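# Analysis of the macromolecular model
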Amino acid sequence: MGGGKRRKLVLSKIYGFACGKALFKEDHSQIGGPGFSRVVNCNEPDSSNYCDNYVRTTKYTVASFLPKSLFEQFRRVANFYFLVIGILSFTPLAPYSAVSSIVPLIIVIGATMVKEAIEDWRRKQQDIEVNNRKVKVHQGAGNFDYSEWKNLSVGDIVKVEKDEFFPTDLILLASSYEDAVCYVETMNLDGETNLKLKQALEVTSSLHEDYNFGDFKAIIKCEDPNPNLYSFVGSMDFEEQRFPLSPQQLLLRDSKLRNTDYIYGVVVFTGHDTKVIQNSTDPPSKRSKIEKKMDRIIYLLFSIVFIMGFVGSIFFGVATRNDLDDNGRIKRRWYLRPDSSNIFFDPKRAPVAAIYHFLTALLLYSNFIPISLYVSIEIVKVLQSIFINQDIHMYYEETDKPAHARTSNLNEELGQVDTILSDKTGTLTCNSMEFMKCSVAGIAYGRGVTEVERAMDRKKAEPLLHEKLNGLHHIEDLGNKTPAIKGFNFKDERVMNGNWVNEPSANIIQKFFRLLAVCHTAIPEVDEVTGKVSYEAESPDEAAFVIAARELGFEFYKRTQTSISLRELDPVSGKTVDRLYKLLNVLEFNSSRKRMSVIVRDEEGKLLLLCKGADSVMFERLAKNGGEFEEDTREHMNEYADAGLRTLVLAYRELSENEYQVFNEKFTEAKNSVSVDRETLIDEIADKVERDLILLGATAVEDKLQNGVPDCIDKLAQAGIKLWVLTGDKMETAINIGFACSLLRQGMKQIIINLDTPEIQSLEKTGEKDAITKASRKNVLEQISRGKAQVTASSASADAFALIIDGKSLAYALEDDIKRIFLELAIGCASVICCRASPKQKALVTRLVKSGTGRTTLAIGDGANDVGMLQEADIGIGISGVEGMQAVMSSDVAIAQFRYLERLLLVHGHWCYRRISSMICYFFYKNITFGFVLFLYEAYASFSAQPAFNDWYLSLYNVFFSSLPVIAMGVFDQDVSARFCLKFPLLYQEGVQNVLFSWRRIVSWMFNGFYSATIIFFLCSKALEQQAFNNAGKTAGKEILGGTVYTCVVWAVNLQMALAISYFTLIQHIVIWGSIAFWYLFQLIYGALPSSFSTNAYKVFIEALAPAPSYWFITFLVVITTLIPFFLYSAIQMRFFPMYHGMIQWIRHEGRSNDPVYCEIVRQRSLRPTTVGFTARRAATRDHRG
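Residues numbered from 1 in each chain as written. Predicted model: local features only at pLDDT ≥ 70, side-chain atom pairs only at ≥ 80, totals over all residues. Heavy atoms only, no water.

## Notes on the overall build of the protein chain
Per the secondary structure count, the protein chain includes 39 helices and 33 strands. Across the 1186 residues of the protein chain, 56% fall into the buried class. Long-range pairs, those at least 24 residues apart, make up 75% of the contacts in the protein chain between residues at least 6 apart in sequence. Within the structure as shown, the protein chain displays about 50,000 Å² of accessible surface, and the carbon and sulfur contribution to it stands at 55%. (Helix = DSSP H or I, 4+ residues; strand = E, 2+ residues; numbered from the N terminus. Buried < 20%, exposed > 50% of the residue type's maximum accessible area, 1.4 Å probe, protein only. Contact = heavy atoms within 4.5 Å. Areas by Shrake-Rupley, 256 points an atom, 1.4 Å probe, with all protein chains shown as cover.)

What follows is the structure, given as structure tokens:
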């Protein structure tokens, strides 16, 4: 671009505050001190004192992968146990070969490490791609050439071009605009989609060409690396002068240059010193409740193994001591030669032999612990996540966004959610604002009907009428037509089409809409073909205001560094005229100021301060004679809030030249300060000028409910899930949104907790902070106690309560000595709405619910202010909405619309919970069956610590012969179809109450394993004990008994899986029958290997087992006998005591799924008198009428 044509001031946006040369004061004493020690010599790269720009996000390096990954694997108690077992298998204590013990451990650990390596390699590939990106860097003598990001050093001058990412944190020196401004997209940093304006210092703004940097020299002194994205303190020494630096000149790594051809910047922070990397913290580690419980079950199995080994050792010690009599003669077990045995069977040292036997028994019974459990669960969860991601019913076509499970660790938690804590704006609502109504000069304008007003009408009218209108289903469909102009849904013939000039207050109306067109930070973009103007605004509200002004005759079409241009309707001539307003200052909006102002000079030379803000800060700033319409405006704003609209107050004042000069000097001085309290100084000075305002009126915009929100809330309520709404909106707005989405209903008793009592208000006027705090705490506690007493008194009745609390009261309710009673009150209510809640309060409420109830909590939100809440909850759901992606990036699962929560929880959540629960129970069943058979054989063999099976039979049981069917069940099984999950929401309570993974169910599956092992062993041993095994008259030895028992175990555990499965697929058939077939194939192949390798399995199957009819007959008889108890139990339970999913299966089996009467009988079990949603509202209304 050097020497090319530079862009003119077409899209130039206003400076952050004031234009003109900085008046620098010597208020930079921090520079050079602790925390402010960085010195950057521009154009002199320094790679020795500061870190390089190579960024690594991988978990491992080549050197650390093996030790670190092994450490991660052996932190799991089961893996560590098998490591110890593997080490002991190399000693003479081992009842089997060391290789057969180590190989399965290596396979399981290796598979998990390979998965970790693949995931980390993907991160490595991303790192390589980012670090190898190229950017133009000054090479000297005014020449710029491409260099890789990783090679950048502090002090380098770089040239970034349009739509490129910034490679490091830069100080902006100049841009393609003459005034050295540029537009930056920060979505990767804060999730916000709006563009930010940055501007270089005036002294460097003339460096437009490459050759200007040939001999450029400057020294930057600034703060040390820190994670604060929104602050920067520093100074630049240039041409023997010092100039202050602020966040206005800082360009952050990973943000993108937009609407600007190029910029020049100097590198100040590189690599891991950059602010975005300083902010990159690992998300909190979350483990599901089932996984935590699984650890306790494994400890239980350890205890069982210990007890079995201990009992067996006692018997073994006693038996060994009795092998010789007192005279040293052989008394029993002559075949062991006790008179000349080694330490393991020495009757003279029986206690020592018993101790050695105990260690051997621990090795032998290690199969009680499922070695492949962890890796199988990980495989299943990853596959479940893929199914969630691929669900077409959770794909939002409008934004091309499917559901995305960002972690697979919490799949089963989705089926156990007890409480949902939801943001309102952008989550329940669209965060797509529409200008609906306004109040100007005490007169209300706008005839549109809002969602809340329609809901209120339905609430007051006869329910049967509304059933005829819309069946009480999609309540947003009635009159919910998309406006012709996005952001503008205003209808009033009195002011539209220029008719406002005929209104009695036309002058005030003109000032009102002119303020909307001027007081903002939007960027106009003119379509060169059609000439239409569109806007890039910092918030949906602001875009709606500018669009409304345009549609009503005040079109903002151009902005420069120092001016705003409008096309206004002139009330005198009736024609559209161009007007130019010189822009002097912008006093920006922030959460503490709650207002925004601009100071402009109009064409007549008048100095005007135009201000818009929240009613809580605006009315108190009105002049004594400036609130002529205050009472009417307040009344209208209350009506707008009742209608669910968001309101802002508009006011203005004229400034004298002298007043403005005094303000501007102080303001510029504060702006140029480099002290830590710079923002406070700016706010204080702005506060002084934003006084004595003259009221114009108020705006009202609607944030519509998202499609399907009422239906979704209704289904979740029927499923027994509680919903709390945590919002920053006013109480009136939140309450009415609650009515619109049926969280609240007529007849529901509202417990409202706030601090708007006369006592508190009078104390606030005195300003005694301690007295206010003490009285407020006491007042909140009294209100909570009264509410709790009210709920307790009505516990026997069917009354439903709603708790509504504001942010000030919530601050006291969350204190340690009050929060417990507050939680008890909230749990007793059907709905909870927290208004004016700060982000920190949202997180604290979530923590209180999670820790206080012990139940699974789910938080859902779409904005950066919801991140704390999402990370605090057991499950965080991010909505990829208008507010950007920061909530999504901090979430566990991302969805595009709130309504998809219904399918995510009721379908996928239920399925995942059932699958994981059943899978783990089955895992323990099959391992107990196998392990207890070994124990029974050892008891049968006088506790001699001899394994019943070949070494490799022991090792491969969990890996090949029983693991694939359980994985298939964890991925594909369905007790109820998706349609029935949604039709009968109460089914979800099986997960909330944890009925499928309760200790009762776990122990029953363990008992199933114990009795299955008992039946298999004793039937096989007795059947083979005394008669000939084959036609040759041979009796069965250890190998034949072991082979027969093993075959029966493989058949029994796989057919048990077939009985437990509710939904067969081809894959499940393949893995169940394939596992059994593979056992026979393995016997053939393994038995055919040389005897030195196959040992006691050498040709056992082909020569002994397969030819013998008794082998096949015993297998058939034993397997059927083993499965009969479970089959009878399941049949009796299903027929006479069905669980809720069993009832639904009966409906489907009997073909009554379309019988409305029968289905309604079953569905009625899910309706509770204290629930919410429009179904419950209709039921409550009918009960009231009855």
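## Here we look at the packing of aromatic side chains
Summed over the entire model, instances satisfying the criterion amount to 57 aromatic pairs. Arranged with centres 4.6 Å apart and planes meeting at 40°, the rings of phenylalanine 213 and tyrosine 264 form a pair that is tilted. Linking phenylalanine 213 in the loop between β7 (195-199) and β8 (219-222) with tyrosine 264 in strand β13 (residues 262-269), this pair joins segments that are 51 residues apart in sequence. Residue tyrosine 264 is classed as buried on the basis of its relative accessible area, which comes to 0%. Taking the centre distance of 6.3 Å and the plane angle of 55° together, the rings of tyrosine 299 and phenylalanine 302 count as tilted. On the criterion of helical spacing, the pair formed by tyrosine 299 and phenylalanine 302 is a turn pair, its members being three residues apart in helix α6 (residues 289-321). (Phe/Tyr/Trp six-rings, centres within 6.5 Å; stacked < 30°, edge-to-face > 60°.)

## A word on a nonpolar patch on the surface
Taken together, the side chains of Leu1059, Phe1116, Ile1120, Ile1124, Phe1127, Leu1128, Ile1132, Phe1136 and Phe1137 define a hydrophobic patch exposed on the protein surface, amounting to about 950 Å² of accessible area. No other element matches helix α36 (residues 1109-1136), which puts seven residues into the nonpolar patch. When you line up the elements, isoleucine 1132 lands in helix α36. (Patch = residues over 30% accessible without salt bridge, like charges linked within 9 Å, V, L, I, M, F, W, Y side chains within 5 Å. Salt bridge = Lys/Arg side-chain N within 4 Å of Asp/Glu carboxyl O.)

## Re the pairing of strand β23 (residues 595-601)
For β23, the tally of buried residues reaches six of seven residues, placing the bulk of the element in the interior. Direction of pairing for strand β22 (residues 576-587) relative to β23: antiparallel, over a ladder of five bridges. By the bridge assignment for β23, leucine 583 is matched with valine 600. Two elements, β23 and strand β24 (residues 607-613), share seven bridges in a ladder whose sense is antiparallel. Across the sheet, the residue bridging to valine 598 is leucine 610, located in β24. Here β23 folds back onto β24, and the loop between the two strands holds five residues, one of which, glycine 605, carries a positive phi near 90°. (Pairing = 2+ DSSP bridges.)

## Some remarks on a negative patch on the surface
A cluster of acidic residues, Glu631, Asp632, Glu635, Glu639, Asp642, Glu732 and Asp756, forms a negative patch at the surface. The leading source of residues in the negative patch is helix α14 (residues 630-642), at five residues. Mapped onto the fold, aspartate 642 is located in helix α14. (Lys, Arg positive; Asp, Glu negative; His and termini not counted. Charge placed at Lys NZ, Arg CZ, Asp CG, Glu CD.)

## Some remarks on the UniProt feature "active site" (unreviewed entry) in the protein chain
UniProt's entry tags Asp423 with the feature "active site" (unreviewed entry), counted in the numbering of this structure. Mapped onto the fold, aspartate 423 is located in the loop between β15 (417-422) and β16 (429-440). Excluding its chain neighbours within four sequence positions, the residues that come into contact with aspartate 423 are Leu428, Leu726, Lys842, Ile860, Gly861, Asp862, Asp866 and Met869. Within the structure, aspartate 423 has its side chain in polar contact with the side chain of lysine 842 (distance 3.1 Å). (UniProt positions renumbered as here; feature names shortened; annotations may be inferred. Polar contact = N/O pair within 3.5 Å; in protein donor to acceptor, adjacent residues only side chain to side chain.)

## Points about the pairing of strand β4 (residues 157-161)
By the criterion of burial, β4 is predominantly enclosed, with five of the five residues buried. With burial as the criterion, each face of β4 is covered, one bearing Ile157, Lys159 and Glu161 and the other bearing Val158 and Val160. Relative to β4, strand β2 (residues 134-140) runs antiparallel, the two being bridged by two bridges. By the bridge assignment, lysine 136 is partnered in β4 with lysine 159. Taken together, the five bridges between β4 and β13 define a ladder with antiparallel strand orientation. Each residue of the ladder has a partner; that of glutamate 161, found in β13, is tyrosine 262.

## Observations regarding the packing of helix α32 (residues 1038-1060) against α36
Where α32 meets α36, the closest approach of the two axes is 9 Å, and the angle between their N-to-C directions is 40°. In this view, α32 runs oblique relative to α36, as classed from their interaxial angle. Crossing geometry of α32 relative to α36 is assigned as right-handed. The residues of α36 that touch α32, namely those facing Gly1043, Thr1044, Thr1047, Cys1048, Trp1051, Ala1052, Leu1055, Gln1056 and Leu1059, are Tyr1111, Ile1114, Thr1115, Val1118, Val1119, Thr1122, Leu1123, Phe1126 and Phe1127. Its residues assigned to classes, the contact of α32 with α36 shows 12 nonpolar, six polar and no charged. (Axes fitted to C-alpha atoms, helices over the stretch in contact; angles between N-to-C directions. Parallel < 35°, antiparallel > 145°, perpendicular 65-115°, else oblique. Left-handed = near helix turned anticlockwise from the far one by under 90°. Nonpolar A, V, L, I, M, F, W, Y, C, P; charged D, E, K, R; others polar.)

## Thoughts on the side chain of arginine 915
Mapped onto the secondary structure, arginine 915 falls in helix α26 (residues 900-940). At 6.5 Å, aspartate 973 is the nearest oppositely charged side chain to arginine 915, a buried residue that forms no salt bridge. When residues no more than four places from it in sequence are discounted, the contact partners of arginine 915 are Gln384, Met969, Gly970, Val971, Phe972, Asp973 and Gln974.

## Brief notes about the sheet that holds strand β12 (residues 256-258)
Taken together, the three strands give an open sheet; going across it, the order is β7-β6-β12, and neighbouring strands pair in antiparallel fashion. Strands at the two margins of the open sheet, each flanked by one partner only, are β7 and β12. Going from strand to strand, the sheet's axes swing by 45° on average, the running direction of each strand aside. Of the strand pairs in this sheet, strand β6 (residues 181-185) and β7 are connected by five bridges, and their pairing is antiparallel. Each bridged residue has a counterpart across the sheet, and for valine 181 the counterpart in β7 is glutamine 199.

## Some words on the nonpolar core
Residues Phe368, Ile920, Phe949, Tyr1046 and Trp1079 are the most contacted members of the largest nonpolar core, which totals 110 residues. Sort the elements by how many residues they give to this core and α26 lands first, with 17 residues. With residues up to four places along the chain from it excluded, the contact list for tryptophan 1079 reads Tyr953, Phe961, Gly1043, Tyr1046, Thr1047, Val1050 and Tyr1111. Among the nonpolar cores identified, the runner-up in size contains 77 residues, and Ala537, Leu655, Ala698 and Val701 belong to it. (Core = buried A, V, L, I, M, F, W, Y, C linked by side-chain atoms within 4.5 Å.)

## Structural notes on the environment of leucine 904
Summarising the element assignment, leucine 904 is placed in helix α26. Put simply, leucine 904 and histidine 393 are 511 residues apart on the chain and 9.7 Å apart in space, counted from C-alpha to C-alpha. Beyond its immediate stretch of four places on either side in the chain, leucine 904 contacts Ile388, Met394, Leu414, Ile877, Val893, Ile895 and Gly909.

## Considering the pattern of salt bridges
Any two side chains of opposite charge can pair, so long as their charged atoms come close to each other. Going through the model one piece at a time under the given rule, you end up with 44 salt bridges. Between arginine 38 and aspartate 273 there is a salt bridge, with the nearest N and O atoms lying 3.0 Å from each other. In this pair, arginine 38 is assigned in strand β1 (residues 38-41) and aspartate 273 in the loop between β13 and α5 (275-279), connecting sequence segments 235 residues apart. Each of the two residues, arginine 38 as well as aspartate 273, counts as buried. Here aspartate 237 ties to arginine 242 by a salt bridge, and the two come within 2.7 Å at their closest N and O atoms. Residues joined in a network through salt bridges with shared partners are Arg514, Glu568, Asp570, Arg579 and Glu603.

## Thoughts on the confidence of the model for the protein chain
Residue-level pLDDT values for the protein chain average 82, and 85% of them are 70 or greater. The low-confidence segment residues 1-29 (pLDDT under 50) makes 99 contacts with residues lying over four places distant or belonging to another chain. Counting interchain partners and residues more than four positions distant, the pLDDT-below-50 stretch residues 461-480 has 42 contacts. (pLDDT = per-residue confidence, 0-100.)

## Some points on helix α28 (residues 963-972)
Of all the 10 residues making up α28, eight are buried; the element is thus mostly covered by neighbouring parts of the structure. Turning to α28, its buried residues are Ser963, Pro965, Val966, Ile967, Ala968, Met969, Gly970 and Val971.

## A short note on the sheet that holds strand β32 (residues 875-879)
Across the sheet, which stays open at both edges, the nine strands sit in the order β14-β33-β32-β31-β15-β27-β30-β29-β28 with mixed pairing between neighbours. On the outer flanks of this sheet lie β14 (404-405) and β28 (749-753), each paired with one strand and no other. Here β15 runs beside strand β31 (residues 856-861); their pairing, made up of five bridges, is parallel. Pairing of valine 417 across the sheet is with threonine 856, part of β31.

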